[in-house]
Structures are given as C-alpha cells and as structure tokens.
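The primary structure of each chain is shown beneath.
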Amino acid sequence: MNTLLLGIGNVLYADEGIGVHFVNYIHENYQFSHPEHQLVMLDGGTLAQGLTPILAQYPSLIVVDTVNAAGCAPGEVYFFDFDNAPPEIDWQGSAHEVEMLQTLTMMEMVGDRPHTMVLGVTPTVIEPMTLGLTDRIAAAVPVMERTLINYLTQQGWQCQKVGNTDIAELIPLSYIPRLSMGDRESGHLPHATETQDTE
C-alpha cells in the first residue's frame, strides 16, 4: 500500500520543528523501494486540517511530530499505532499538535482516515523564533531513524542509505518547503542544494 511519511511542526519554534527536520533528513539520506508501493514524503508544516484532502489519498500514514507525554523526560521517542496510543500520551502539547489530533479524529469520523502510525519525540524547548534543535532532541534522531527503518523493512520496503548528511546541516534552510504537496516519492534522488519544488 502507498504510504505517506508526513513531517509536522513549526520549524521556527525550536524542537517543535523536529517532524519537518526529520522527514527532510530521511529524504536526504535514504532511498526506498517496494515491488508494489510508493513511499511519499511531505513537509506538512502546521497545516493540519488543510492536509485532509492529501491524507485521504493514502491507505497508510506515518506522522512524525512532537508528542506530549505526561511524566516523561524530553527526548523520549514513541512509535505507536494511532488507534492504540500509550496512556501517557495526552495530546496537550503545542497548538499544531492538538490540531493534528483533531484532524485525524475528524477523518476517522467520516471514514477516510488512513491507517496511522505516529513517530513522536517529547520536546525540550518550544520557543518562538528559535531555529534549531536542543541537544536532547538531536540525540533522539538516531533512535527515530532506526525505528522508522525497522518498521519500513518489516513492511517489505528496501531501505538504502545513500547519504550521510547530518540533520543540523539541513536546519538552516528548513523554513523553505523542500517536500511540498507530496510530490517527493521514494525513488526521487535527494539533492542537498535543492530548496523548493516548482511543479
């Protein structure tokens, strides 16, 4: 089944941008292939409900975002089925996070929500006009990477690492959409200097 890997977050609010940074990082460093399906990567920013028509096109969705988890330290990584969220996930984090929850819930009510997995990390700093990640969140990236690659491999994807770009190298230009409107597919060779789609 075709899968959408969706990065959610506001890159100008420090750790809140991890979803976008991480999907850019995966796009830059990996190529994915499957005998029957495609993996599409998208920078969803803070659009949330505006993404509904796009999300409805996919039977499978992986959302990468910050998550608020009661009693958990910053930098904790969670990977779970949206239908079976851990009890400590309380969805009371940033405004975009709550709106994303509402979007998925609304789609479920009308019957067009894809099967949804959530790859989340608890943030340290959510501060306006701060571009970058704190050390704890940056340190969580390898765990997030292994978690995603293991999951995709189990789903029958071939995951080939084609680059070694550090996530910190991608952050300075992350305010420019690189993966817009879902037109970046798994077979598209990444280019570090590319800034925006024109199609």
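This structure is a prediction, so every number in the text was calculated from the model and none was measured.

1. Regarding the packing of aromatic side chains
For step 1, the next point in the chain: In this structure the tally under the stated criterion is three aromatic pairs.
For step 2, the next point in the chain: Seen from their ring centres, tyrosine 30 and phenylalanine 32 are 5.8 Å apart, and the 20° between their planes marks the pair as stacked. Here tyrosine 30 and phenylalanine 32 have matching classes, each one buried.
For step 3, the next point in the chain: Geometrically, the ring pair formed by phenylalanine 79 and tyrosine 151 is edge-to-face, given 5.1 Å between the ring centres and 70° between the ring planes. In this pair, phenylalanine 79 sits in strand β5 (residues 77–81) while tyrosine 151 sits in helix α4 (residues 135–154), placing the two residues 72 residues apart along the sequence.
For step 4, the next point in the chain: A relative accessible area of 13% places tyrosine 151 in the buried class.

2. Concerning the nonpolar core
For step 1, the next point in the chain: Ranked by internal contacts, the top residues of the largest apolar core, which has 28 residues, are Leu5, Ile18, Phe22, Ile26, Phe32, Leu148 and Leu152.
For step 2, the next point in the chain: Listing elements by their share of this core, those giving two or more residues are α1 (18–29), β2 (30–33), β3 (39–45), β4 (60–66), β6 (115–121), α4 and α5 (167–170).
For step 3, the next point in the chain: Excluding residues that lie within four positions of it along the chain, isoleucine 26 makes contacts with Leu5, Phe32, Met41, Glu145 and Leu148.
For step 4, the next point in the chain: Grouped together as the second largest cluster of nonpolar side chains are 23 residues, Leu51, Val67, Phe80 and Val118 included.

3. With respect to the confidence of the model for the protein
Segments scoring low in pLDDT should not have their predicted coordinates read at a detailed level.
For step 1, the next point in the chain: In this model, the protein carries an average pLDDT of 85, and 84% of its residues clear a pLDDT of 70 or more.
For step 2, the next point in the chain: Residue range residues 187–199 is modelled with pLDDT below 50. Its contacts to residues more than four positions away, or to other chains, number 29 contacts.

4. Notes on the side chain of threonine 52
For step 1, the next point in the chain: Structurally, threonine 52 is set in helix α2 (residues 52–55).
For step 2, the next point in the chain: Residue threonine 52 is classed as buried on the basis of its relative accessible area, which comes to 16%.
For step 3, the next point in the chain: Once residues lying within four places of it in the same chain are set aside, the contact partners of threonine 52 are Thr103, Met106 and Met107.

About the criteria used
- Per chain, residues are indexed from 1 in the order of the written sequence.
- Local features are withheld for residues below a pLDDT of 70 in this predicted model, meaning they are given only at 70 or higher, and side-chain atom pairs are given and counted only at 80 or more; totals for whole chains, interfaces and linings count all residues.
- Hydrogens are left out, water is left out, and the side-chain values use all remaining heavy atoms of the structure.
- Two rings from Phe, Tyr or Trp (for Trp, the six-membered ring) form a pair when their centres are within 6.5 Å of each other. A pair whose planes differ by under 30 degrees is stacked, one over 60 is edge-to-face, and the rest are tilted.
- Here the term buried applies to any residue with accessible area under 20% of the maximum for its type, exposed to any over 50%, and partly exposed to those in between, with areas from a 1.4 Å probe on protein chains only.
- Numbering of helices and strands runs from the N terminus, with a helix taken as a DSSP run of H or I at least four residues long and a strand as a DSSP run of E at least two residues long.
- Buried Ala, Val, Leu, Ile, Met, Phe, Trp, Tyr and Cys residues that are joined via side-chain atoms within 4.5 Å together make up what is termed a nonpolar core.
- Residues count as neighbours in contact if any of their non-hydrogen atoms are within 4.5 Å of one another.
- Every residue carries a pLDDT, the predictor's confidence in it, which falls somewhere between 0 and 100.

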